[in-house]
Amino acid sequence: MLQEAIARDERARSWQDYVVPQNWNAFTGEDHAVWDLLFMRQLKLLGSRVISAFFDGMDLLKLSHPGVPDVEGLNMMLEPRTGWRTVAVPGLVPDHIFFAMLSERVFPVGNFIRTRDQLDYLEAPDCFHDMFGHIPMLAHHDYAEMTRHIGELGVAAIAADQGHKAARLYWHSVEFGLAKERGETKILGAGLASSFGESHFSLESEKVERLPFSVERAVNTPYKHDAFQPRYLVSETVAQTIDEVLALTPEELLAL
Ligand SMILES: [Fe+2]
């Protein structure tokens, strides 16, 4: 009974209830140093392994300044461009809240950063994953619109008790998708772009499957959230993922 009451209470909350102040002034010198270390290390590691739009967005958002970015400063650059803004949250938010945020062009970023002894292992996404991984692509107009659309699909799928379908679509595109650019396979997903170990693994391991992306395959392909993926979906172009996802209606998603 108590569990049901908690679940009911949880569903009654709106996404705004999960937003907290980022409290940027509370980040310590060590926190900023960890951000700088992660940032420099990851850019060097990625080389040209990520699609070019990612690097365009990185420049636009001026993430390359030293230290943890502040949410308000990010929003001043992001919002005029694509209508997206970031809000701080204390950790992972439930799926229905996450999709509701996306549907309103709001991206949640953790109000914390990992410590130096946790550089490569994270129990929950921190602000490095959320900002370094996601924000550059949210400066890309069509990609940002695709992400908003996945939010809408997610809200509809959860209302129909089929949230896993939207979660898989999100996972195999926004988080762990690969895409070809001028014939070469590159990283598209934020989970890969921000990962020290999995970025190279996804492109180079001979022990994983790389299958052509389609929304149908994405929706029907389970994923792992606590280990490297056993399979990745590869789009012919970034535009293929964007166009296919944008063309998908909630009714079509539920029928897949
Ligand atoms: Fe993410």
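Everything numeric here is computed off the predicted structure, so don't read it as measured data.

Asks: I'm lost on helix 7 (residues 141–159) in this one. Help?
Replies: Since the α-helix turns once every 3.6 residues, residues separated by three or four places project in the same direction. Here helix 7 contains 19 residues, and its C-alpha end-to-end distance of 28 Å stays within 8% of the 27 Å for a straight helix at 1.5 Å per residue. Burial in helix 7 covers these residues: Tyr143, Ala144, Met146, Thr147, Arg148, His149, Ile150, Gly151, Leu153, Gly154 and Ala157. Turning to helix 7, the residues buried within the fold contact helix 4 (71–82), helix 5 (95–103), helix 6 (127–138), helix 8 (163–175), helix 12 (238–247) and helix 13 (250–255). Asp161 occupies a position one or two residues after helix 7 and carries a positive phi of about 65 degrees.

Asks: Even after reading the chapter, I still don't get the sheet that holds strand 3 (residues 178–181), so can you show me in this structure?
Replies: Hydrogen bonding along the main chain pairs the strands of a sheet, whether they run parallel or antiparallel. Here we have four strands laid out as an open sheet, ordered 4-3-6-5, and mixed in their pairing. Looking at the sheet topology across the chains shown, the edges are occupied by strand 4 (184–187) and strand 5 (209–212). The sheet shows a mean angle of 40 degrees between the axes of neighbouring strands, direction not considered. Sheet topology note: the strand 5/strand 6 (residues 231–235) ladder contains four bridges and is parallel. Following the sheet pairing, Arg210 is matched in strand 6 by Tyr232.

Asks: Just to check I follow, could you spell out the coordination of the iron ion for this structure?
Replies: Six octahedral donors around a metal ideally subtend angles of 90 or 180 degrees, whereas four tetrahedral donors ideally subtend 109.5 degrees. At the metal site, the iron ion is ligated by His129 (NE2), His134 (NE2) and Glu175 (OE), and these contacts range over 1.9 to 2.1 Å. One chain supplies every donor for the iron ion, spaced along it as H-x4-H-x40-E. Taken as a pair, His134 in helix 6 and Glu175 in helix 8 lie far apart in primary sequence, 41 residues in all. Of the residues examined, His134 reaches a relative accessible area of 4% and is grouped as buried. Using a relative accessible area of 10% as the deciding quantity, one classes Glu175 as buried.

Asks: Got a minute to help me understand the environment of Leu63 in this structure?
Replies: On the secondary structure map, Leu63 appears in the loop between helix 3 (52–60) and helix 4. The sequence separation of Leu63 and Phe39 amounts to 24 residues, and the corresponding C-alpha distance is 9.0 Å. If near-sequence neighbours (up to four positions away) are discounted, Leu63 is found in contact with Trp35, Phe39, Met58, Pro69, Leu74, Met131, Phe132 and Pro136.

Asks: Explain the environment of Val234 to me, please; I cannot follow it from the model alone.
Replies: As for its position among the elements, Val234 is in strand 6. Along the sequence, Val234 and Leu203 sit 31 residues apart, while their C-alpha atoms lie 10 Å from each other. Not counting the four nearest positions on each side in its chain, Val234 is found in contact with Leu178, Ala179, Lys180, Thr185, Arg210, Leu211, Pro212 and Phe213.

Asks: Looking at this structure, I do not really get the pairing of strand 1 (residues 85–89). What am I missing?
Replies: Side chains on a regular strand alternate between the two faces of the sheet. Strand 1 sits mainly inside the fold: four of its five residues count as buried. Bridge analysis of strand 1 against strand 2 (residues 106–110) gives five bridges, and the strand direction is parallel. Bridging from a neighbouring strand, Arg85 pairs with Val106 of strand 2. The β-α-β motif built from strand 1, the intervening helix 5 and the parallel element strand 2 has right-handed crossover chirality.

Criteria and thresholds
- Residues numbered from 1 in each chain as written.
- Predicted model: local features only at pLDDT ≥ 70, side-chain atom pairs only at ≥ 80, totals over all residues.
- Heavy atoms only, no water.
- Helix = DSSP H or I, 4+ residues; strand = E, 2+ residues; numbered from the N terminus.
- Expected span 1.5 Å × (residues − 1).
- Buried < 20%, exposed > 50% of the residue type's maximum accessible area, 1.4 Å probe, protein only.
- Contact = heavy atoms within 4.5 Å.
- Pairing = 2+ DSSP bridges.
- Axes fitted to C-alpha atoms, helices over the stretch in contact; angles between N-to-C directions.
- Donors = N, O, S within 2.8 Å, 3.2 Å for Na, K, Ca; no water.
- Right-handed = clockwise from strand over helix to strand, strands pointing away.

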